Amino acid sequence: MNLRTVVVAIVAVAMLASMAVVATADTVTYPGAGNPNSTASGNVTVSARVNPKITLTITTPDAGQTVAFGDVDPMSGATEVVGVQVSSNKTYDLTKVVTGDDALMGLSTSLADQVDQSKGTNAYSDTYTLNTPYTTDPGDYSATVAYTVLQK
């Protein structure tokens, strides 16, 4: 296929696409009465289908969606705050599951499950507290806190 044939094919496709757009447009002329004070009016109906949408934004004190307590002593009571924001155009539930070494670290979080929350934008604070028991061996530990939002 030579370059001229390719160019002609592209132009033909572009013309067909523009004709399809024009074919869906609608033009109506509303005539006035023709006297010096005449008016003309017309109506345009506007419609849209709004999709369901939900977003979850988590703000952590450290990069990479982490809460890095660093070196802590047993029963230190170290705390950090995680921000959780939900934007939804339907009611929703916000739940949380903690997995990993949470018991060994003595990790607790303050935010309870939020059930039947109203639509809109809602912000929550979740305080993470470490009270590592003296029975936990020295070393590195980690846990994961998973937040889930579900529209109803």
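Here the structure is shown first, and the text comes after it.
So, a few notes on the structure that sits alongside this text. As the structure is a prediction and not an experimental result, all values here were calculated from the model.

1. Observations regarding the overall build of the protein
Logical step 1: Per the secondary structure count, the protein includes two helices and seven strands.
Logical step 2: The secondary structure elements of the protein, listed N-terminal to C-terminal, are α-β-β-β-α-β-β-β-β.
Logical step 3: Going through the 152 residues of the protein one by one, you find that 17% of them count as buried.
Logical step 4: Put simply, 71% of the contacts in the protein that link residues at least 6 apart link residues at least 24 apart.
Logical step 5: Looking at the protein as shown, the accessible area adds up to about 11,100 Å², and 56% of this sits on carbon and sulfur atoms.

2. Quick word on the layout of surface pockets
Logical step 1: By volume, the largest pocket is sized at about 750 Å³.
Logical step 2: If you trace the largest pocket, you find 29 residues lining it, with F69, M105, L130, Y141 and S142 closest to the centre.
Logical step 3: Taken together, the residues that form the lining of the largest pocket break down as 17 nonpolar, eight polar and four charged.

3. Things to note about unusual backbone geometry
Logical step 1: Despite not being glycine, Q65 has its phi angle at roughly 55°, a positive value.
Logical step 2: Along the chain, the position of Q65 falls in the loop between β1 (54-59) and β2 (78-88).
Logical step 3: The backbone of D116 shows a phi angle near 55°, a positive value even though the residue is not glycine.
Logical step 4: Mapping D116 onto the fold places it in strand β5 (residues 114-117).
Logical step 5: Residue class for D116 comes out exposed when judged on its relative accessible area of 52%.

4. Comments concerning the nonpolar core
Logical step 1: Counting residues in hydrophobic clusters, the biggest one holds 14 residues, and the most contacted among them are V84, V86, Y92, L94, Y124, Y128 and Y147.
Logical step 2: What V86 contacts, discounting residues up to four positions off in sequence, is I54, T55, L56, Y92, L94, G120, T121, N122, Y124 and V149.

5. Some details on the pairing of strand β6 (residues 120-130)
Logical step 1: The pairing of β2 with β6 spans eleven bridges and is classified as antiparallel. When the bridges of β6 are listed, S87 appears paired with T121.
Logical step 2: In the sheet, strand β4 (residues 107-109) pairs with β6 via three bridges, with the strands oriented antiparallel. When the sheet's bridge partners are listed, T109 is paired in β6 with Y128.

6. Quick word on the pattern of salt bridges
Logical step 1: Within the structure shown, the criterion is met by three salt bridges.
Logical step 2: The salt bridge partner of D93 is K152, with a shortest N-O separation of 3.2 Å. Taken together, the positions of D93 in strand β3 (residues 92-100) and K152 in the segment after β7 (143-151) put the pair 59 residues apart, joining distant regions of the chain.
Logical step 3: Exposure remark for D93: the relative accessible area of 17% places this residue in the buried category.
Logical step 4: K152 gets classed as partly exposed once you look at its relative accessible area, which sits at 42%.
Logical step 5: In this structure, the salt-bridge partner of D116 is K152, at a minimum N-O distance of 2.3 Å. A residue pair is termed long-range when its members are at least 10 positions apart, and D116 in strand β5 and K152 in the segment after β7 qualify at 36 residues.
Logical step 6: Because the salt bridges share partners, they merge into one network encompassing D93, D116 and K152.

7. Description of the sheet that holds β5
Logical step 1: On the basis of which strands lie adjacent, the open sheet formed by three strands has the order β5-β3-β7 and antiparallel pairing. Two strands close off the open sheet at either side, each with one partner strand: β5 and β7. Direction aside, neighbouring strands of the sheet carry axes that sit 15° apart on average.
Logical step 2: Here β3 runs beside β7; their pairing, made up of nine bridges, is antiparallel.

Rules and cut-offs
Per chain, residue numbering runs from 1 following the sequence as it is written. Local features in a predicted model are, by the rule used here, given only for residues with pLDDT of at least 70; side-chain atom pairs are given and counted only at 80 or more, and totals for whole chains, interfaces and linings are based on all residues. Derived side-chain values reflect all non-hydrogen atoms in the structure, with water molecules and hydrogen atoms excluded from consideration. Numbering of helices and strands starts at the N terminus; helices are DSSP runs of H or I of at least 4 residues and strands are runs of E of at least 2. Using a 1.4 Å probe on the protein chains alone, a residue whose accessible area is under 20% of its type maximum counts as buried, one over 50% counts as exposed, and one in between counts as partly exposed. By definition in these notes, contact holds between two residues if any of their heavy atoms fall within 4.5 Å. Reported accessibility uses the Shrake-Rupley method at a 1.4 Å probe radius. Residues are deemed covered only where the shown protein chains occlude them. Using a 1 Å grid laid over the protein atoms alone, points where a 1.4 Å probe fits but cannot get out form a cavity; open sets with protein on both sides within 12 Å along at least 5 of 7 lines form a pocket; any residue with an atom within 4 Å of a point counts as lining. Grid points are joined across faces, edges and corners, and a volume is the space filled by probe spheres set on the points. Each residue gets one of three labels, nonpolar for Ala, Val, Leu, Ile, Met, Phe, Trp, Tyr, Cys and Pro, charged for Asp, Glu, Lys and Arg, and polar for the others, Gly among them. Throughout this description, the term nonpolar core refers to a set of buried Ala, Val, Leu, Ile, Met, Phe, Trp, Tyr and Cys residues connected via side-chain atoms within 4.5 Å. In this scheme, strands are said to pair when DSSP sees at least two bridges between them. Salt bridges are identified by distance alone: a Lys or Arg side-chain nitrogen within 4 Å of an Asp or Glu carboxyl oxygen. Axis geometry follows a simple rule: fit a line to the C-alpha atoms, using only the stretch in contact for helices, then measure angles between N-to-C directions, giving values from 0 to 180 degrees.

In short, shape yes, function no, at least from these values alone.
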